[in-house]
Each structure stands twice: as C-alpha cells, then as structure tokens.
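# Coordinate inspection notes
What follows is the residue order along each chain.
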Amino acid sequence: MSGVMHIERISPAITLLEIDNPPMNPLGVEMRATFMAALDEVEKNDGLRCLIVTGRGRAFCSGDDLKQAHGKGEDLAGFGRLLDRLEQTRVPVVAAVNGWCVGGGFELALCCDIRLASTEAKFVCAGVNVGLMASTYRLPRLIGESRAKSMLLTGLPHDAEMAERYGLVTGVHAPGALKGAAVTLAERIATRAPLSVEATKRTSHRALDLSPEESGRIWGEELRVLRRSNDHKAALDAFRERRDPVFTRS
C-alpha cells in the first residue's frame, strides 16, 4: 500500500495535513506529488487561515525515500521543490512534530513557520550519516551557527527538550496533547487580521537577508496596502466600540 496524505478540515479556517507512509513517513516521488496536490487543494480555500502539518505513527517524516532516490539527482531536486512550495504557502504553517524528524523531514519542519514537538520527538540532521547534506542554510538562521553545527556535523538525535532549549521548537507537549496544542495555536492565528498575518509572514521570512534600507522599503510598501484594507478599518471600529473585530481578508 502506498502512502497517503490525510486532509482534515479542523474548521473553515484551519486544515490539518497528516503524512501517512509507515513506518517512517518518507516522501518519495509519489508521496511528494501527493503532498503537492494536497497543498494545491487546501489553498483553493480562500477562507484558509492556518495549516498544520504532522505525521501519523512514530515519525513526523524521514525525508526522501533514499532507496527510491538512489543515484537520482532529479529526485533531490524534486524534494527541494516540495520544501520551497511548503515554505511559500500563503498562510502560516505549524509543524506538529510527533516523532522522528530526520534528514529531509527535519528540513520539512524547518520550512514551517512554527514548530511544536511531542515529548517523543527526535530531531536528526542526517546528511552526514548518509553521505549527503541538508539544513545548512535554514538551521543556522533559526538557531545560530554554533548550535546548528553541533547538530549538522554529528548527525546525532536531539530530543524535544534540547530542541526547545535551542529555539528549534516553541513548545513541547505530551503525545496526546500535541494536536490540541497545534490547533489552539492555529485558532489564535486564524482570528488575527488575515492580510496582516500574510504580510507579516512574507516580511519576517526575508528579514535576515535584507539591509535596514531594503527592509524599510518593503515594510513601507506592505503597510501602505494594509492601511487601506477593510480589515484595518474593521479593527479600528471594533476598538472604538469595544468589541472583537470581524475580518474578511479584504
């Protein structure tokens, strides 16, 4: 039986994608196509405000299917396209790392905007273990060069507690509570002004690559659009009337 991607509509604003390709949830060619199709499907929903990605069973994701990809450089490029696609998703993406998060699966988690972990999660930068390389760009930007190198150069597993200390994840939860914690976080994001959330994701993603002048210019362009939005007007009206705003992503 080939793997599947489960799509669960938690609410009109929140969707859960669950990787199900036992035992370690690798993403070979067919699974990557399935993942891409799932992203295309959920993004057709204009009401989508937050996406949660997790794995089923004992793994979050083990990355590419190395047996399938042996000697095929195009497969590595294909995996990279999936990573870019997830990272560029319009709405914030929360990774609920339920178990083993290895190699390309670790990189998949890095492409998400926020990461939560189960106490059973294990994080492995496995490139040096299999004669390859991964996470050398995203990981140092996230946790700093020294800590990143300790993970990248050893290929050792790191538990959820250490991942939280490093700033790799922002919360650690019991296995049975992980999904609920991810949904609670997504619900909070989903109630914020959608255009503002999307602009904040875009600009913060680029922040480390820009000079102060470039950042100021881009920030100003985004802010001019937001100031003219109906959502900003709705927030001002709600503030004056002491009620919660109703946002329409317009």
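Summary of the structure given here. (Residues numbered from 1 in each chain as written. Predicted model: local features only at pLDDT ≥ 70, side-chain atom pairs only at ≥ 80, totals over all residues. Heavy atoms only, no water.)

### Details of the overall build of the protein
The helix and strand tally for the protein stands at 11 helices and 10 strands. Its C-alpha atoms put the protein at 60 × 40 × 35 Å along the principal axes. Counting all 250 residues of the protein, 46% fall into the buried class. Taking all contacts inside the protein whose residues are at least 6 apart in sequence as the whole, residues at least 24 apart take part in 70%. When the accessible surface of the protein is split by element, carbon and sulfur atoms take 55% of a total near 13,000 Å². (Helix = DSSP H or I, 4+ residues; strand = E, 2+ residues; numbered from the N terminus. Buried < 20%, exposed > 50% of the residue type's maximum accessible area, 1.4 Å probe, protein only. Contact = heavy atoms within 4.5 Å. Areas by Shrake-Rupley, 256 points an atom, 1.4 Å probe, with all protein chains shown as cover.)

### What about the packing of aromatic side chains?
What describes a pair of aromatic rings is the distance from one ring centre to the other and the angle between the planes of the rings. Going through the model one piece at a time under the given rule, you end up with one aromatic pair. Where Phe106 meets Phe123, the ring centres are 6.2 Å apart and the plane angle is 85 degrees; that geometry is what we call edge-to-face. Taken together, the residues span a long stretch of sequence, with Phe106 in helix H4 (residues 104-110) and Phe123 in strand E8 (residues 122-124) at a distance of 17 residues. Of the two residues, Phe106 and Phe123, both sit in the buried class. (Phe/Tyr/Trp six-rings, centres within 6.5 Å; stacked < 30°, edge-to-face > 60°.)

### Some points on the sheet that holds E8
Read from one edge to the other, the open sheet built from four strands follows the order E4-E6-E8-E9, with strand pairing classed as mixed. Two strands in the sheet have a free side with no partner beyond their single neighbour: strand E4 (59-61) and strand E9 (157-159). The sheet shows a mean angle of 25 degrees between the axes of neighbouring strands, taken without regard to direction. Pairing of E4 with strand E6 (residues 100-102) involves two bridges; the strand directions are parallel. Of the residues in E6, the one forming a bridge with Ala59 is Trp100. (Pairing = 2+ DSSP bridges. Axes fitted to C-alpha atoms, helices over the stretch in contact; angles between N-to-C directions.)

### Notes on helix H1 (residues 29-43)
Here H1 contains 15 residues, and its C-alpha end-to-end distance of 21 Å stays within 8% of the 21 Å for a straight helix at 1.5 Å per residue. Taken as a whole, H1 has its buried residues at Met31, Arg32, Phe35, Ala38, Leu39 and Val42. Along the long axis of H1, the arc covered by the buried residues comes to 120 degrees, so they all point the same way. (Expected span 1.5 Å × (residues − 1). Arc of directions from axis to C-beta.)

### Let's talk about empty space enclosed by the protein
Regions of empty space are outlined by a rolling probe, equal in size to a water molecule, passed over the atoms. Across all of its chains, the model carries one cavity of 30 Å³ or more by this definition. There is about 40 Å³ of room inside the largest cavity. Lining the largest cavity, in full, are Arg49, Val91, Pro92, Ile189, Arg192, Pro194, Val197 and Glu198. No other element matches helix H9 (residues 194-206), which puts three residues into the lining of the largest cavity. Here the residues of the lining of the largest cavity sort into five nonpolar, no polar and three charged. (1 Å grid on protein atoms, 1.4 Å probe; cavity = no way out; pocket = protein on both sides within 12 Å on 5 of 7 lines; lining within 4 Å. Points joined across faces, edges and corners; volume = space filled by probe spheres on them. Nonpolar A, V, L, I, M, F, W, Y, C, P; charged D, E, K, R; others polar.)

### Some details on the side chain of Arg49
You can see Arg49 is positioned in the loop between H1 and strand E3 (50-55). Despite being buried, Arg49 has no salt bridge partner; Glu198 is the closest side chain of opposite charge, sitting 5.1 Å away. (Lys, Arg positive; Asp, Glu negative; His and termini not counted. Salt bridge = Lys/Arg side-chain N within 4 Å of Asp/Glu carboxyl O.)

### What about the packing of H9 against helix H10 (residues 212-227)?
Their axes nearest at 11 Å, the elements H9 and H10 cross at an angle of 175 degrees. By the angle class used here, H9 and H10 are roughly antiparallel. Between H9 and H10, the residues in contact are Leu195, Ser196, Ala199, Arg202, Thr203 and Arg206 and Ile218, Glu222 and Leu226, respectively. (Parallel < 35°, antiparallel > 145°, perpendicular 65-115°, else oblique.)

### Remarks on the nonpolar core
Phe35, Phe123, Leu139 and Leu168 are the most contacted members of the largest nonpolar core, which totals 43 residues. For this core, the leading source of residues is H1, giving five residues. With sequence-adjacent residues up to four places away left out, Leu168 is seen in contact with Phe106, Leu110, Arg115, Phe123, Leu139, Leu142, Ile143, Met151 and Ala163. Core analysis: the next-biggest nonpolar cluster, separate from the first, contains 16 residues, Ile52, Val183, Ala186 and Ala190 among them. (Core = buried A, V, L, I, M, F, W, Y, C linked by side-chain atoms within 4.5 Å.)

On their own, these measurements won't tell you what the molecule is for.
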